[in-house]
Amino acid sequence: MNPAVADVLALEARHGSTLFEPSIVFERGEGALVYDVEGREYIDCAAGIGVASVGHGNPRLVRAIADQAARLITCPPSQGNRVRAEFVRRLCELAGPPLSRAFLSNSGSEANEAAVKWALVATGRRRLVAAHRGFAGRTLGALSLTANPAYRRPFEPLYPEVTFVPFDDASALEAAVDEQTAAVVLEPIQGEGGVHPASREYLRLARQVTRDRGALLILDEVQCGAGRTGRFLAAHGYGVEADIVTLAKGLAGGVPIGATLMSDAVAGAMPRGGHGSTFGGNPLACAAGLAVLDELRGRDLLGNAAQMGKRLMRGLRGIESSQVREVRGMGLMIGIELRQRAAPFVAGFRARGLLTVTAGPNVVRLLPPLVITTEQVDAIVSIVRQELSTAAMAEALP
Ligand code: PLP
């Protein structure tokens, strides 16, 4: 191994707190491509797990961050700031009614924590309903909404009043929501759980049932929101208006951010001092967020996500392979469900210059930057085809 690579990996292993074992050291990126320290190029369908929405090294984003860093990096919520004001205005405009207020934080977990706290005070109720296979984050509150025992068991007891229901099962949801339910929390497209889009009927029923029983509908769009599905919110594609929507990941193109969007009625329920954040809504993150919103509009990245997503889906579905059970997703959020463990395939794709991530044990997930090009999409399909056919040949060997 190159000594420069070995040194970095040894330092990370010795002093870092990551629970992963990286084998490559990355140095820079450009658009949908990233380069390791040895100059190897990769098409980045990991994108920081769906974060690098407007591409690596995006000139507009870089300029916005540099300009804002020189002007003012921090400004607490107790003081006004023009960049923050403009960002929340544009965010709410894009999200559409009834989402007219935004609480800004620094991550998806925090955005979900805030969503739950607001739901509890807005309804005066204490029970929550969440879905099996869902993932809401790793802080204790967000973890309480995550059913997977592998994530939660070492930390139990968590927030106790959560009922888990099978995802996309209308009758189970109807049975679980009652007059004690504060909120139903769902990802329109489950990400970590294996890239499972909800059916249209299911999300609409979730809206109806919550409304009928006085509960709130919280949509966790941390992964699928901010343009990834070809709409600003995945909820727009479903024709569903939630009371609260959470965003993070791609919203500021890589600068840490979380946003909890809500209606006026929900926002007004929080008592003074009931919630807050030191770093949330800092002008640096807001300037980055504004640059992302400008890129989405100026370069029609929603249109590109929709178009490239269709092309990628068609290409991947066109691969005939005994290894593949299903290819599914929406826009540029795509999962390839395999008949075996996904990790060796992620390693195989990486060796061929394609970065992907797993989503559960047997799904390979692709979350490329929304700036991905036709040529890059075709290259992805070709790499996936080659790797799958090599794996099939290896399997066929005696
Ligand atoms: N919600 C969803 C749907 C996610 O996919 C994630 C992260 O993967 C989170 C919440 C947690 O976000 P973060 O890691 O920024 O805290």
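Residues numbered from 1 in each chain as written. Predicted model: local features only at pLDDT ≥ 70, side-chain atom pairs only at ≥ 80, totals over all residues. Heavy atoms only, no water.

**What to know about the overall build of the protein chain**
Heads up, the condition is: Numbering of helices and strands starts at the N terminus; helices are DSSP runs of H or I of at least 4 residues and strands are runs of E of at least 2. When we talk radius of gyration, it's over C-alpha atoms, and the globule rule is simply 2.2 Å times the number of residues to the 0.38. Using a 1.4 Å probe on the protein chains alone, a residue whose accessible area is under 20% of its type maximum counts as buried, one over 50% counts as exposed, and one in between counts as partly exposed. Here, residues are in contact when the closest pair of their heavy atoms is within 4.5 Å.
Secondary structure assignment for the protein chain yields 15 helices and 17 strands. Its C-alpha atoms give the protein chain a radius of gyration of 21 Å, near enough to 21 Å, the size a compact globule of 398 residues would have. Once the C-alpha set of the protein chain is aligned to its principal axes, its extents read approximately 65 × 55 × 45 Å. Out of the 398 residues in the protein chain, the part that is buried amounts to 53%. Across the protein chain, the fraction of contacts at a sequence separation of at least 24, relative to all contacts at a separation of at least 6, is 71%.

**With respect to the packing of helix 4 (residues 82-95) against helix 12 (residues 283-298)**
Counted only if it meets this: Lines fitted to the C-alpha atoms define the axes, with helices restricted to the stretch that makes contact. Angles between their N-to-C directions range from 0 to 180 degrees. Working rule for angles: under 35 degrees goes down as roughly parallel, over 145 as roughly antiparallel, 65 to 115 as roughly perpendicular, anything else as oblique. Handedness of each helix crossing follows the sense of rotation of the near helix against the far helix: counterclockwise by less than a right angle gives left-handed, clockwise gives right-handed. Amino acids outside the nonpolar list (Ala, Val, Leu, Ile, Met, Phe, Trp, Tyr, Cys, Pro) and the charged list (Asp, Glu, Lys, Arg) are all regarded as polar, and Gly is one of them.
In the contact formed by helix 4 and helix 12, the axes pass within 9 Å of each other and the chain directions differ by 40 degrees. Classified by the angle their axes make, helix 4 and helix 12 are oblique. At the point where helix 4 passes helix 12, the crossing takes the left-handed sense. Facing Val83, Arg84, Glu86, Phe87, Arg90, Leu91 and Leu94 of helix 4, the residues of helix 12 in contact are Pro283, Cys286, Ala287, Gly289, Leu290, Leu293, Asp294 and Arg297. Its residues assigned to classes, the contact of helix 4 with helix 12 shows nine nonpolar, one polar and five charged.

**Here's the deal with the side chain of Arg152**
To keep things clear, this is the line we draw: Polar contact is the term for a pair of N or O atoms within 3.5 Å; when the atoms are in protein, one must be able to donate a hydrogen and the other to accept it, and sequence-neighboring residues count only if both atoms are side-chain atoms.
Within the secondary structure, Arg152 is located in helix 7 (residues 149-152). Side-chain polar atoms of Arg152 contact the backbone oxygen of Ser144, separated by 3.2 Å.

**A look at the sheet that holds strand 1 (residues 26-30)**
The strands making up a sheet associate through hydrogen bonds between their backbones, and the pairing can be parallel or antiparallel. Operational definition: Strand pairing follows a simple DSSP-based rule, namely that at least 2 bridges must link the two strands.
What the four strands build is an open sheet, ordered 1-2-3-15; its pairing is mixed. Unpaired on one side and paired on the other, strand 1 and strand 15 (354-355) mark the two borders of the sheet. As paired elements, strand 1 and strand 2 (residues 33-36) share four bridges and run antiparallel to each other. Residue pairing across strands places Glu30 opposite Leu33, the latter belonging to strand 2.

**Digging into the packing of aromatic side chains**
Selection criterion: Here a pair means two rings of Phe, Tyr or Trp (six-membered ring of Trp) with centres within 6.5 Å. Their orientation is stacked below 30 degrees between planes, edge-to-face above 60, and tilted elsewhere. Counted as over-ring charges are cases with an Arg CZ or a Lys NZ within 6 Å of the ring centre that also lie within 35 degrees of the ring normal.
Throughout the structure, instances matching the rule amount to four aromatic pairs. Arranged with centres 5.4 Å apart and planes meeting at 50 degrees, the rings of Phe103 and Trp118 form a pair that is tilted. Taken together, the residues span a long stretch of sequence, with Phe103 in strand 4 (residues 101-105) and Trp118 in helix 5 (residues 108-123) at a distance of 15 residues. Across the pair, exposure class does not vary: Phe103 and Trp118 are buried alike. Taking NZ or CZ as reference, Arg28 lies 4.1 Å from the ring centre of Tyr35, over its face.

**Some details on the site of the ligand**
Threshold: If a single non-hydrogen atom of a residue is within 4 Å of a molecule or strand, that residue counts as near it. Exposure was quantified through the Shrake-Rupley algorithm and a 1.4 Å probe, taking into account, for residues, occlusion by the shown protein chains and nothing else.
Not every one of the 13 residues close to the ligand is listed here, only the nearest: Gly108, Ser109, Asp220, Gln223 and Lys249. A distance of 3.4 Å separates an oxygen atom of the ligand from a polar atom in the side chain of Glu192. Protein contacts shield 82% of the accessible area of the ligand, which totals 390 Å² for the unbound molecule. In terms of residues, the shell around the ligand owes the most to one element, helix 5, which gives three residues. Across the shell around the ligand, the residue classes tally to three nonpolar, six polar and four charged.

**Considering the sheet that holds strand 4**
Strands sit in the order 4-12-11-10-7-5-6 across an open sheet of seven strands; the sheet is mixed. The two strands at the open ends of the sheet, each matched to only one other strand, are strand 4 and strand 6 (162-165). Put simply, the sheet's adjacent strands are angled 20 degrees from each other on average, direction ignored. Contacting strand 4, strand 11 (244-247) and strand 12 (258-262), helix 4 crosses the sheet at an angle of about 120 degrees to strand 4. Strands in contact with helix 9 (residues 200-212) are strand 6, strand 7 (181-186) and strand 10 (216-220); relative to strand 10, the strand with the most contacts, it is inclined by about 145 degrees.

**Quick look at helix 13 (residues 301-317)**
Three or four residues apart is the spacing at which side chains of an α-helix point the same way, because the helix has 3.6 residues per turn. Stated precisely, the cut-off is as follows: The span one expects for a helix is its residue count, reduced by one, times 1.5 Å. Directions pointing from the helix axis toward each C-beta atom define the arc.
The end-to-end C-alpha distance of helix 13, which contains 17 residues, comes to 23 Å, matching closely the 24 Å that a straight helix rising 1.5 Å per residue would cover. Within the span of helix 13, buried status applies to Leu301, Asn304, Ala305, Met308, Gly309, Leu312, Met313, Gly315 and Leu316. Along the long axis of helix 13, the arc covered by the buried residues comes to 160 degrees, so they all point the same way. Residues of helix 13 that are exposed and angled more than 90 degrees away from the buried face: Gln307, Lys310, Arg314 and Arg317. Residues of helix 13 that are buried sit in contact with helix 12, strand 13 (324-330), strand 14 (333-338), strand 17 (363-366) and helix 15 (374-396).

**Notes on the pattern of salt bridges**
Any two side chains of opposite charge can pair, so long as their charged atoms come close to each other. To keep things clear, this is the line we draw: Counted as salt bridges are all cases of a side-chain nitrogen of Lys or Arg within 4 Å of a carboxyl oxygen of Asp or Glu.
With the rule as written, the count across this model stands at 20 salt bridges. A salt bridge links Asp243 to Arg207, with the shortest nitrogen-to-oxygen separation between them at 2.9 Å. With a gap of 36 residues between them, Asp243 in the loop between helix 10 (234-238) and strand 11 and Arg207 in helix 9 connect regions that are remote in the sequence. Here Asp243 and Arg207 have matching classes, each one buried. Glu387 is the partner of Arg352 in a salt bridge, and the nearest nitrogen-oxygen pair spans 2.6 Å. With Arg352 in the loop between helix 14 (343-351) and strand 15 and Glu387 in helix 15, this pair connects stretches of sequence that are 35 residues apart. The exposure class assigned to Arg352 is partly exposed, which follows from its relative accessible area of 30%. Using a relative accessible area of 13% as the deciding quantity, one classes Glu387 as buried.

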